[in-house]
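# Tertiary structure, described
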Amino acid sequence: MDGKEALDFGASSDFPSLLRRQGLLGPAAQIGPMNKRAEITPTESTTILAFKFSDGVLVAGDRRATSGNTVVYDRADKVLEIDRRSIMAIAGVPATAWEMARVLEHSFQFFRRTQLQEMSVDGKVRALSKLLRDNFGFALQGVGIVVPIFATYDVKVSPSARLYFYDAMGAQFEATDFAATGSGSPAVRGILYYENTWGKKPLQKIDQDEAVVVALRALDTASEADTATGGIDRHAKIFPVMKIVSADGILTLPEEKIAELFHKRVA
Amino acid sequence: MIEEPYRWVEAVATRRDYIEMQLATGSPVVALGYSEGILLLTVGQQKLFEIYDRIALGAIGHPGDIERLRMAAIELASSEGFTRSVADVSLRRLAYYSLSPVMKNAFEQIYGAPFLARLLFVEIGTSLADDLFLEVEYDGAINLHPSNGGNTPFAVLAASKKSAEQMAEFLRKRFQSGKDLSATLELALDTWTVGQSKTDEAMPAEDDIRRQWRERVGSGTISAAVLERNSNRAVRYRAVEASELAPLIAK
């Protein structure tokens, strides 16, 4: 046992550093001089929105993944469960984002198992921030930009529903009512702001059905002008993915329920 | 002195006595299959742990050594689960391939410190027949408890061989498969009580066991955890809550 090991009391043992020690996760991308742009067009995907409503937080995302002008996939799932009460939704490059989600999911579990307690909400929010920061070099090189939303429910504090959005460098911002990211987000932000301010009720007061309708209308509007957003595919019957995080944990809304509300209130 | 083979054998034997003596006051751990999965129960300080989605650990020994082994197990399982998938995290491999050789090595390197720990891992499978109860001794020996197709889905960890035998004998007589959690908690505490008897005492009579609960448990806290087979969550491990243990303490 060398001196360094003798002084290691396990304090450095967070999951990403364990992965790096074993060579399973690349080092933080270096930010150096860039002589040329990336020669590949990365697959990207986008429009994500989230807002607080009466039960908790609703997170919704369209299903389209694009590469330049090409639609790569029409059933991408960009709203990901990280643990029992946390959702990460991604806009940007899925390859990087899904890897981040995987690291994050394992990090939270690894922390709980090793430290024998849940990671705090602040700790979780910070962990994602750190992953984004480590990825910033790739984002600059044009091959791995990810701009996520993180929604969680902290039973220990009030208000319990917590919603954060990030920029590509890893800055975290806590949203009071709603957040949207991705190429279709300007339209969505407009709609959510309008609904929240001049709608029948503020977003935080509306019930689940009403929340689903707002999310569907917002995504449909986003896809109207933004080609990178799938919105609602009326022919192939592809609906956005919606998840709700509340005191009971995470609920993935069944597609039939979304379809029913869509046909009644949106179509 | 240990250049001679005989000296080495003698030193290892002395070391075995020393470790057994160190472990002699450990509080037993009981693992029992029940209708919805596997229950782990013990009394005293925290020594039931979540290792991975489907694997749990109970231990007797020095907290520092338990901690090192527990961390190693979590790290191994987590990096395997991360790089491949949850389905590729195997208790058999974790024990045979990773832990056992290291523990054997530490035990036989008689100038270094051995692990003062005895471990009981349980892994929940998709069916009763896939459940695994696996004991790793301080010398790296592995004792795999077959569940006999679900007829004997139980294992115990005790401070001494004699206690472990008494507990196993008690369970062979009393265990019935498919019981619910509350009945299984009671049986587990009965079994723990049997394991707490002094080794030179005869096994307590059935009526005595309940009477001994209170004095044996004393001021210690009962802790229990379950691995649930048909949970809709990926993580099957759950600590049994105080409210579920309350009826047990009231008795």
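The text that follows walks through the structure, step by step, so that each part is easy to find. (Residues numbered from 1 in each chain as written. Chains lettered and ligands numbered in written order. Predicted model: local features only at pLDDT ≥ 70, side-chain atom pairs only at ≥ 80, totals over all residues. Heavy atoms only, no water.)

Bringing the sheet that holds strand β10 (residues 237-239) of chain B into the picture now. Two pairing modes exist for strands in a sheet, parallel and antiparallel, and in both the strands are linked by backbone hydrogen bonds. All names here are of chain B. Spatially, β8-β1-β2-β9-β10 is the arrangement adopted by the five strands of the open sheet, whose pairing is antiparallel. Unpaired on one side and paired on the other, β8 (154-157) and β10 mark the two borders of the sheet. Strand after strand, the sheet turns through a mean of 20° between neighbouring axes, direction not considered. Pairing geometry for strand β2 (residues 37-43) and strand β9 (residues 222-228), over seven bridges, is antiparallel. What sits directly across from V43, in β9, is I222. Of the strands in this sheet, β1 (29-34), β2, β8, β9 and β10 are in contact with helix α5 (residues 181-196), which crosses β2 at around 40°. (Pairing = 2+ DSSP bridges. Helix = DSSP H or I, 4+ residues; strand = E, 2+ residues; numbered from the N terminus. Axes fitted to C-alpha atoms, helices over the stretch in contact; angles between N-to-C directions. Contact = heavy atoms within 4.5 Å.)

To continue, consider the nonpolar core. Among the nonpolar cores identified, the biggest contains 51 residues, and A:M88, A:L104, A:F150, B:I51, B:L119 and B:F121 are the most heavily contacted of them. The greatest single-element share of this core, amounting to seven residues, is contributed by helix α3 (residues 94-115) of chain A. In contact with A:F150, not counting residues within four places along its chain, are A:S86, A:I87, A:M88, A:L104, A:F108, A:K124, A:V125, A:L128, A:R162, A:L163, A:Y164 and A:Y166. Formed by 31 residues, the second largest nonpolar core is a distinct cluster that contains A:A60, A:V188, A:V212 and A:A215. (Core = buried A, V, L, I, M, F, W, Y, C linked by side-chain atoms within 4.5 Å. Buried < 20%, exposed > 50% of the residue type's maximum accessible area, 1.4 Å probe, protein only.)

All right, on to the layout of surface pockets then. Of the volumes computed, that of the largest pocket is approximately 1,500 Å³. Forming the walls of the largest pocket are 43 residues, and the residues nearest its centre are A:R84, A:R85, A:R112, A:E118 and B:R233. A per-class count over the lining of the largest pocket returns 18 nonpolar, nine polar and 16 charged. (1 Å grid on protein atoms, 1.4 Å probe; cavity = no way out; pocket = protein on both sides within 12 Å on 5 of 7 lines; lining within 4 Å. Points joined across faces, edges and corners; volume = space filled by probe spheres on them. Nonpolar A, V, L, I, M, F, W, Y, C, P; charged D, E, K, R; others polar.)

Residue and element names in this part refer to chain A. Inspection of the secondary structure puts A161 in strand β9 (residues 161-166). C-alpha of A161 to C-alpha of E195: the two residues are 34 residues apart in sequence and 19 Å apart in space. Discounting chain neighbours no more than four positions away, the residues touching A161 are K52, G56, V57, T152 and Y153.

Further remarks concern the interface of chain A and chain B. The interface is formed by 18 residues belonging to chain A together with 19 residues belonging to chain B. At the boundary of chain A with chain B, total buried surface from both sides reaches about 1,600 Å², with 57% on carbon and sulfur atoms. A per-residue breakdown of the area chain A buries against chain B is headed by A:R102, A:R113 and A:L116, which together make up 36% of the total. Between the two partners, chain A and chain B, sit four salt bridges. Of the charged contacts, one joins A:R113 and B:E50 as a salt bridge, the two residues approaching to 2.9 Å between their closest N and O atoms. Listing elements by their share of the side of chain A that touches chain B, those giving two or more residues are α2 (15-21) and α3 of chain A. Element by element, the count of residues in the side of chain A that touches chain B is highest for α3(A), at nine residues. Split by residue class, the side of chain A that touches chain B holds seven nonpolar, five polar and six charged. (Buried area = accessible area lost by both parts, 1.4 Å probe. Salt bridge = Lys/Arg side-chain N within 4 Å of Asp/Glu carboxyl O.)

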